[in-house]
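Each chain, written out:
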There are 2 protein chains.
Amino acid sequence: MQTKIGFIGLGIMGRPMALNLRQAGYPLQVHARHSESMAPLVAAGAIACASPAEVARQVDILFTLVADTADVEQVILGDQGVLAGARPGLVVVDMSTISPAATRVLALRLGKRGVEMLDAPVSGGEIGAIQGSLSIMVGGEAAVFARVKPLFEILGRNIVHIGGHGAGQVCKSCNQIAISHTLAGVGEALLLARASGVDPAKVRAALLGGSANSRVLEIHGQRMIDRDFNPGFKARLHQKDLRLVLEAAHELGLALPGTALVAQYLNALLGRGLGELDSSAIYQVQEAASGLAPGEDS
Amino acid sequence: MQTKIGFIGLGIMGRPMALNLRQAGYPLQVHARHSESMAPLVAAGAIACASPAEVARQVDILFTLVADTADVEQVILGDQGVLAGARPGLVVVDMSTISPAATRVLALRLGKRGVEMLDAPVSGGEIGAIQGSLSIMVGGEAAVFARVKPLFEILGRNIVHIGGHGAGQVCKSCNQIAISHTLAGVGEALLLARASGVDPAKVRAALLGGSANSRVLEIHGQRMIDRDFNPGFKARLHQKDLRLVLEAAHELGLALPGTALVAQYLNALLGRGLGELDSSAIYQVQEAASGLAPGEDS
């Protein structure tokens, strides 16, 4: 019998991902807080459910993709939550980006009811979700990972089983740390070029050919030069992810001064009411600090 | 008549670069402070000269590749320096990494004597120098750049004319800024993985497939995981380059807090007597800060 799939959370990322699973031919039950989010899925043959519990009762593998730790806890543990409808043997795959520590607690609570859990946050943005080219970082048991892997392969390209429960979330934190620093570095490099009267576009072209090459220089460097900060990945979500990183660092007693610096830039960006912009818009905070107003490029 | 080439400064980078020019068939005059540095070039058919002035008297295009601003000034302006032997029409191509401001002054002084100058710092390290695959960032006049370009094409692959005098040096500064941040970000990411009990090698593999992809993650991330800090690019040279960046920022009134942070890591690394290691060894400073001793990886 064919695997029955559930998908809870149909935002910018969840909607195209659920659609890709449906278009691969799987029976699909969906739930979202706003019923209009379900319409395009229903049009594609999915069945709308009134609650997470109703989804859980009918499926074998249930994906969740919501905004933050508290949202996942609500979807799984709340009234009419997943746990209220779950049968033993259900697999819950949380693709949200949330706290690794909270993930371990959830896995434990689900495990006590015979429900398996994977944490599987993604990288690659809306385009990756639409194209099915996401990076997927997975935590949980190897046997459960193996069972879900064919579905991951519909959603993404670079799929890595990192380790036990929470390891996928830790890896996503590492991802956000690395991206943050590279964004700040590309920003400072382009600012030095501008302040020195040198064409930032030529600098970007030269740097792409050497050790400074990065996906961020290629994509976000171009956005900074074009001053096109349409998301992409929203600054308020990047801010939330770095909050998770810095909470973990606080708990672990770990010094991450570079990440803390970029988190401050994101705070400042949100303080300016610009949280809906792409997170590469921290460039606006960097240039404002030195009074380099937009359009002063040589 | 074939272009006669001079090369002054035959260190780790200069020696293989001069050799590549010689092996392309050009008559070559060389000079180095230590005469033994000239031996492999002489064996390949180059002529050893007693001073920069002696090189300058005999060539059409003269490359310099020495350690720092003061060294370039000494080679060009000093007793028996390039200027003492230069004829009008000579082109001086400084491939050292030095101050953009000092470069502009040198270009002016050479120009008054009818000598052209390009600043053309490189990225790509010893391997790039040997393989002729360097990135070359060039400042100076377009006509002079066009004249030297066939020689640059022997030395490198990504050759970009950035702008006027000093623009090559500004671009190199931008390059070092971007690399610095990315190194620090990869270091913080791998530390969070280790502190969380997650395999850093799996994190690196996952991150390479997404937006966190960078040359630094690929190469230096592996060095951090292997704890193999053989250079590569020496920490003491990276420290010098960031000193140039921060001097420029000071003069320009530009805030580069991320670069300043990495410069402090490099200071600490040199303070520990580790300046000859690859600059990715700042990872040792990052882990020491949180008491994560070597070999505690999960």
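Residues numbered from 1 in each chain as written. Chains lettered and ligands numbered in written order. Predicted model: local features only at pLDDT ≥ 70, side-chain atom pairs only at ≥ 80, totals over all residues. Heavy atoms only, no water.

S.K.: Mind showing me how you'd approach the overall build of chain A here?
M.R.: When you go through chain A residue by residue, the secondary structure sums to 14 helices and nine strands. Radius of gyration (C-alpha) of chain A: 21 Å, near the 19 Å computed for a compact globule of 298 residues. Seen through its principal axes, chain A has C-alpha atoms that stretch 65 × 45 × 35 Å. The buried share of chain A, reckoned over its 298 residues, is 57%. Once local pairs closer than 6 in sequence are excluded, the contacts in chain A between residues at least 24 apart make up 66%. Roughly 11,000 Å² of accessible area belongs to chain A as shown, and the carbon and sulfur atoms make up 52% of that amount. Taken as two groups, the 25 positive and 26 negative side-chain charges of chain A have centres that lie 5 Å from each other. (Helix = DSSP H or I, 4+ residues; strand = E, 2+ residues; numbered from the N terminus. Rg over C-alpha atoms; globule rule 2.2 N^0.38 Å. Buried < 20%, exposed > 50% of the residue type's maximum accessible area, 1.4 Å probe, protein only. Contact = heavy atoms within 4.5 Å. Areas by Shrake-Rupley, 256 points an atom, 1.4 Å probe, with all protein chains shown as cover. Lys, Arg positive; Asp, Glu negative; His and termini not counted. Charge placed at Lys NZ, Arg CZ, Asp CG, Glu CD.)

S.K.: Sorry, what's going on with the interface of chain A and chain B here?
M.R.: Where interface size is quoted, it is often the accessible area lost as the parts come together. Contacts between the two partners involve 57 residues from chain A and, on the opposite side, 56 residues from chain B. Of the roughly 4,600 Å² buried between chain A and chain B on both sides combined, carbon and sulfur atoms contribute 68%. Scanning the region where chain A abuts chain B turns up zero salt bridges. Taken together, the links from chain A to chain B amount to 17 residue pairs in polar contact (both at pLDDT 80 or more). Looking at the side of chain A that touches chain B, the elements with two or more residues in it are strand 8 (134–139), strand 9 (156–163), helix 9 (167–195), helix 10 (200–208), helix 11 (215–226), helix 12 (235–252) and helix 13 (257–271) of chain A. The element best represented in the side of chain A that touches chain B is helix 9 of chain A, accounting for 19 residues. (Buried area = accessible area lost by both parts, 1.4 Å probe. Salt bridge = Lys/Arg side-chain N within 4 Å of Asp/Glu carboxyl O. Polar contact = N/O pair within 3.5 Å; in protein donor to acceptor, adjacent residues only side chain to side chain.)

S.K.: What should I look at first to understand the packing of helix 9 of chain A against helix 13 of chain A in this one?
M.R.: In helix packing, the relevant descriptors are the interaxial angle and the interaxial distance, both defined with respect to the helix axes. Residues and elements named next belong to chain A. Closest axis-to-axis distance for the helix 9/helix 13 pair is 9 Å, and the angle between their directions is 70 degrees. By the criterion of interaxial angle, the relationship of helix 9 to helix 13 is roughly perpendicular. Relative to helix 13, helix 9 is oriented so that their crossing is left-handed. On helix 13, the residues that touch I177, S180, H181, A184 and E188 of helix 9 are G258, T259, V262 and Y265. (Axes fitted to C-alpha atoms, helices over the stretch in contact; angles between N-to-C directions. Parallel < 35°, antiparallel > 145°, perpendicular 65-115°, else oblique. Left-handed = near helix turned anticlockwise from the far one by under 90°.)

S.K.: How should the relation of the copies chain A and chain B be read in this particular structure?
M.R.: Both copies of the chain are related by one operation, a rotation about an axis with a shift along it. Mapping chain A onto chain B is achieved by rotating through 180 degrees and translating by 0.0 Å along the same axis, at an RMSD of 0.0 Å. Accordingly, the operation relating the two chain copies is best matched by a two-fold axis. Closest approach to the rotation axis within chain A is made by the C-alpha atom of A:S214, at a distance of 1.9 Å. The residues that chain A uses at the interface reappear at the interface of chain B in 98% of cases, marking a shared surface. (Least-squares fit on C-alpha atoms with pLDDT ≥ 70 in both.)

S.K.: I tried to follow the pairing of strand 4 (residues 61–64) of chain B on my own but got confused; where do I start?
M.R.: Both faces of the sheet carry side chains from a regular strand, because those side chains alternate between them. Residue and element names in this part refer to chain B. Across the two faces of strand 4 the burial is the same, with I61 and F63 and L62 and T64 all buried. Sheet analysis places strand 1 (residues 5–8) next to strand 4, joined by four bridges and oriented parallel. Across the sheet, G6 pairs through a bridge with L62, a residue of strand 4. In terms of strand pairing, strand 4 meets strand 5 (residues 91–94) through four bridges, oriented parallel. Across the sheet, the residue bridging to L62 is V92, located in strand 5. (Pairing = 2+ DSSP bridges.)

S.K.: Is there a simple way to think about the packing of aromatic side chains in this case?
M.R.: Any aromatic ring pair is given by two values, namely how distant the centres are and how the planes are angled relative to each other. Residues and elements named next belong to chain B. The tally for this structure, following the rule as stated, stands at four aromatic pairs over all chains. Between F7 and F63 the ring centres are 5.6 Å apart and the planes differ by 20 degrees, which places this aromatic pair in the stacked class. Here the residue F7 occupies a position in strand 1, and F63 occupies one in strand 4, the gap between them amounting to 56 residues. F63 shares its class with F7; the two are buried. (Phe/Tyr/Trp six-rings, centres within 6.5 Å; stacked < 30°, edge-to-face > 60°.)

S.K.: Hey, could you run me through the domain arrangement of chain A in this one?
M.R.: All names here are of chain A. The assigned domain composition of chain A is domain 1 (5–165) and domain 2 (170–289). Between the C-alpha centres of domain 1 and domain 2 there is a distance of 29 Å. Taken together, the two surfaces of domain 1 and domain 2 that pack against each other cover about 1,000 Å², and 61% of this comes from carbon and sulfur. With a closest N to O distance of 3.2 Å, R243 and D68 form a salt bridge. Summed over the shared surface of domain 1 and domain 2, the result is six residue pairs in polar contact (both at pLDDT 80 or more). (Domains from an automatic or database assignment.)

S.K.: Would you mind showing me how to read the pairing of strand 2 (residues 28–31) of chain B here?
M.R.: Residues and elements named next belong to chain B. Burial along strand 2 is two-sided: the residues L28 and V30 and Q29 and H31 are all buried. Two strands pair when backbone bridges link them, and strand 1 and strand 2 are joined in this way by four bridges, in the parallel orientation. Residue I5 lies in a different strand from strand 2, and its bridge partner there is L28. The β-α-β motif built from strand 1, the intervening helix 1 (residues 14–23) and the parallel element strand 2 has right-handed crossover chirality. Across two bridges, strand 2 lies against strand 3 (residues 47–48) in parallel orientation. Each bridged residue has a counterpart across the sheet, and for V30 the counterpart in strand 3 is A48. (Right-handed = clockwise from strand over helix to strand, strands pointing away.)

S.K.: Help me understand the nonpolar core in this model?
M.R.: Nonpolar side chains tend toward joint burial in soluble globular proteins. Ranked by internal contacts, the top residues of the largest apolar core, which has 88 residues, are A:I162, A:L207, B:I162 and B:L207. In this structure A:L207 touches A:A212, A:N213, A:L217, B:C171, B:C174, B:N175 and B:A178, once residues within four positions along its chain are discounted. (Core = buried A, V, L, I, M, F, W, Y, C linked by side-chain atoms within 4.5 Å.)

S.K.: Where do I start with helix 10 of chain A in this structure?
M.R.: For an α-helix, the turn length of 3.6 residues means that residues three or four places apart are oriented alike. Those residues of helix 10 of chain A lying buried are A:P200, A:V203, A:R204, A:A206 and A:L207. One side of helix 10 of chain A carries all its buried residues, which in axial view fall inside an arc of 165 degrees. Contact partners of the buried residues in helix 10 of chain A: helix 9 and helix 11 of chain A together with strand 8 (134–139), strand 9 (156–163) and helix 9 (167–195) of chain B. In this structure A:D199 caps helix 10 of chain A, since a side-chain oxygen of it lies 2.9 Å from the backbone nitrogen of A:A201. (Arc of directions from axis to C-beta.)

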